[in-house]
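Structural overview for review
Read off the chains here:
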Amino acid sequence: MEPKEIDKQIGEKIAINRKLKNKSRGWLAEKVSRSYQQVQNYESGKHRVAASCLLIMARALKTPIINFFPKDDEK
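Here goes a summary of the coordinates provided. The shown structure was predicted, so the numbers you read here are calculated from the model rather than taken from an experiment.

What follows concerns the nonpolar core. Ile 14, Leu 28, Val 49, Cys 53, Leu 54, Met 57 and Phe 68 are the most contacted members of the largest nonpolar core, which has 14 residues in total. Within the residue set of this core, elements represented by two or more residues are α1 (3-20), α2 (25-31), α3 (36-44) and α4 (51-61). No other element matches the five residues that α4 contributes to this core. In contact with Met 57, other than residues within four places in its own chain, are Ile 14, Leu 28, Val 32, Tyr 42, Val 49 and Phe 68.

Moving on, we get to the packing of aromatic side chains. One pass over the structure, following the stated rule, counts zero aromatic pairs. Seen from the ring of Trp 27, Lys 23 lies directly overhead, with NZ or CZ sitting 4.8 Å from the centre.

Our focus in this paragraph is α3. Count 3.6 residues to each turn of an α-helix, and residues three or four apart come out pointing the same way. Among all positions of α3, only Gln 38, Val 39, Asn 41, Tyr 42 and Glu 43 are buried. Backbone geometry just after α3 places Gly 45 at a positive phi near 85°.

Residues Leu 55, Ile 65, Ile 66 and Phe 69 make up a contiguous nonpolar surface patch of about 330 Å² in total accessible area. Relative to the helices and strands, Ile 66 is located in the segment after α4. With relative accessibility at 58%, the residue Ile 66 sits in the exposed group.

What follows concerns the environment of Ile 14. Note on placement: Ile 14 falls in helix α1. Note on Ile 14: relative accessible area 0%, which makes it buried. Considered as a pair, Ile 14 and Pro 64 are 50 residues apart in the sequence and their alpha carbons are 11 Å apart. Excluding residues that lie within four positions of it along the chain, Ile 14 makes contacts with Leu 28, Glu 43, Val 49, Leu 54, Met 57 and Phe 68.

What counts, and at which threshold
Residues numbered from 1 in each chain as written. Predicted model: local features only at pLDDT ≥ 70, side-chain atom pairs only at ≥ 80, totals over all residues. Heavy atoms only, no water. Core = buried A, V, L, I, M, F, W, Y, C linked by side-chain atoms within 4.5 Å. Buried < 20%, exposed > 50% of the residue type's maximum accessible area, 1.4 Å probe, protein only. Helix = DSSP H or I, 4+ residues; strand = E, 2+ residues; numbered from the N terminus. Contact = heavy atoms within 4.5 Å. Phe/Tyr/Trp six-rings, centres within 6.5 Å; stacked < 30°, edge-to-face > 60°. Lys NZ or Arg CZ within 6 Å of the ring centre and 35° of its normal. Patch = residues over 30% accessible without salt bridge, like charges linked within 9 Å, V, L, I, M, F, W, Y side chains within 5 Å. Areas by Shrake-Rupley, 256 points an atom, 1.4 Å probe, with all protein chains shown as cover. Salt bridge = Lys/Arg side-chain N within 4 Å of Asp/Glu carboxyl O.

Pasting the structure below:
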C-alpha cells in the first residue's frame, strides 16, 4: 500500500468515526488544536496525521485508535 493510499484510508476512517458521533469538523479541530481546514485535509488524505494527533482524536471521539486504521480485508 502506498503511503498516500493509507493516508486517504485513515482520513476516511476519521471522517466516518466523527460522523458516527455526530460531531462537526470544527468541533474535532478545536479538540486537536488544528484548523477546520487542517482536519478537512486529514480526512481527505491530503495531509498525513501525526500519531499524537490520532491519539487525541481517538480520545475526543471516545473510540479506540485502531478504528482509524483499515482492516486487513479493506484494501
